[in-house]
Amino acid sequence: MFKLFLDPGHGGNDPGAVGNGLQEKDITLSISKVIHDTLTAEYNDVEVKMSRTGDAFPTLNQRTNEANKWGADFFLSVHINSGGGTGFESFVYPNVGPPTTTYQNLIHDEIMKVIGLNNRGRKQSDLHVLRVSNMPSILTESGFIDNPFDAGKMKDPNWIQAVGRAHVKGLERAFNLQRKNPAYDVIIPNLSYWQARALVPEYEQRGYQAKGVALKNYGPNEAPAENDPYQFVISTDYENAKNLVIEFKRRGYDRTYGQER
Ligand SMILES: [Zn+2]
């Protein structure tokens, strides 16, 4: 059993950083809910305890006490930055070394794949939640709320999804977590090359494994033409597959179906 203590930064009377009409406490909770829901719905043998699930403010000591008492395997604190910069960075306690730095590398890399912000690097800082927690811990800062470009990302629910799921993907790799459900493919069978190609980045941005698949064979130097027959395929789990089929049908892709891989 992998026990994650998940800590959405700030809350209640403490909004954290503010800017561009946003409050850090809301963004950290939204990202954390995606992390919680994805881990509990899609993985075996994972327990997640959150420092808060609503707009409350546990003190920093309450957060670390709870994690220590519970005996968490890992402490993940989710924050949003401010102060005139832009981009993503993550923190561990100074000179902590592996395995914490290994976990930081894996989680940091997965987030960088989807976040669409520049890489400010893996950093160290003497922060309470990193210092007082008894278990390996990291703190992520997913963009600057006072930067209009970063804040624009934070207003997009698909970005929140993707960033939350990337935290999960990093945890999956760091702790070798096993996915719960049999793998499913969601398939839109009747597209052209350009239609399939257009859908791929949209769903990759949301954290899905998406690809176009040619429905004819090409020679070694032959490129697909815009109107060649293609399928669009997303590989995911059963729950997501069910929802995606509904979503695609609503978008007019009437022949979308899901199948076990
Ligand atoms: Zn913060």
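The coordinates are above.
Reference entry: report on the structure contained in this document. The written sequence of each chain sets the order in which its residues are numbered from 1. The predicted nature of this model means local features are confined to residues of pLDDT at least 70 and side-chain atom pairs, given and counted, to a pLDDT of 80 or more, with totals for whole chains, interfaces and linings taken over all residues. With hydrogens and water set aside, each side-chain value is computed from the structure's full complement of heavy atoms.

**Here's the deal with the coordination of the zinc ion**
We call an atom a donor if it is N, O or S and sits within 2.8 Å of the metal, or 3.2 Å for Na, K and Ca. Water is not counted, so some sites may look partial. Around the zinc ion, the protein supplies H10 (NE2), E24 (OE) and H79 (ND1) as donor atoms, at distances of 2.1 Å. In terms of primary sequence, the donors binding the zinc ion are separated according to H-x13-E-x54-H. Separated by 69 residues along the polypeptide, H10 in the loop between strand 1 (2-8) and strand 2 (18-19) and H79 in strand 5 (residues 74-81) bring together distant segments of the chain. Each member of the pair H10 and H79 is classed as buried. Segments assigned H or I by DSSP are reported as helices when at least four residues long, segments assigned E as strands when at least two residues long, and all are numbered from the N terminus. The buried label goes to any residue with under 20% of its type's maximum accessible area, the exposed label to any with over 50%, and the partly exposed label to all in between, with areas taken from a 1.4 Å probe on protein chains only.

**Looking at the pattern of salt bridges**
Any carboxyl oxygen of Asp or Glu that lies within 4 Å of a side-chain nitrogen of Lys or Arg is treated as forming a salt bridge with it. Going through the model one piece at a time under the given rule, you end up with 18 salt bridges. The closest approach of N and O atoms between K216 and D228, which form a salt bridge, is 3.7 Å. Of this pair, K216 sits in the loop between strand 10 (209-214) and strand 11 (229-237) while D228 sits in the loop between strand 10 and strand 11, and the two are twelve residues apart along the sequence. Owing to a relative accessible area of 12%, D228 belongs among the buried residues under this scheme. Members of the salt-bridge network, linked through shared partners, are E42, R165, K169, E172, R179 and D237.

**Describing the packing of helix 3 (residues 100-115) against helix 6 (residues 157-175)**
Closest axis-to-axis distance for the helix 3/helix 6 pair is 8 Å, and the angle between their directions is 150°. Between helix 3 and helix 6, the angle falls in the class roughly antiparallel. Considering how the two elements wind past one another, helix 3 and helix 6 form a crossing that is right-handed. Taken together, the residues of helix 6 that come into contact with helix 3 (itself represented by Y103, L106, I107, E110, I111, K113, V114 and I115) are W159, A162, V163, A166, H167, K169, G170, L171, R173, A174 and F175. Taken together, the residues of the contact of helix 3 with helix 6 break down into 13 nonpolar, two polar and four charged. To obtain an axis, a line is fitted to C-alpha atoms, over the contacting stretch when the element is a helix, and the angle between two such axes runs from 0 to 180 degrees between their N-to-C directions. An angle below 35 degrees is read as roughly parallel, one above 145 as roughly antiparallel, one from 65 to 115 as roughly perpendicular, and any other as oblique. Two helices that cross are described as forming a left-handed crossing if the nearer one is turned anticlockwise from the farther one by less than a right angle, and a right-handed crossing if clockwise. Whether two residues touch is decided by their heavy atoms; if any such pair falls within 4.5 Å, the residues are in contact. Gly counts as polar in this scheme, as do all residues outside two lists: the nonpolar Ala, Val, Leu, Ile, Met, Phe, Trp, Tyr, Cys and Pro, and the charged Asp, Glu, Lys and Arg.

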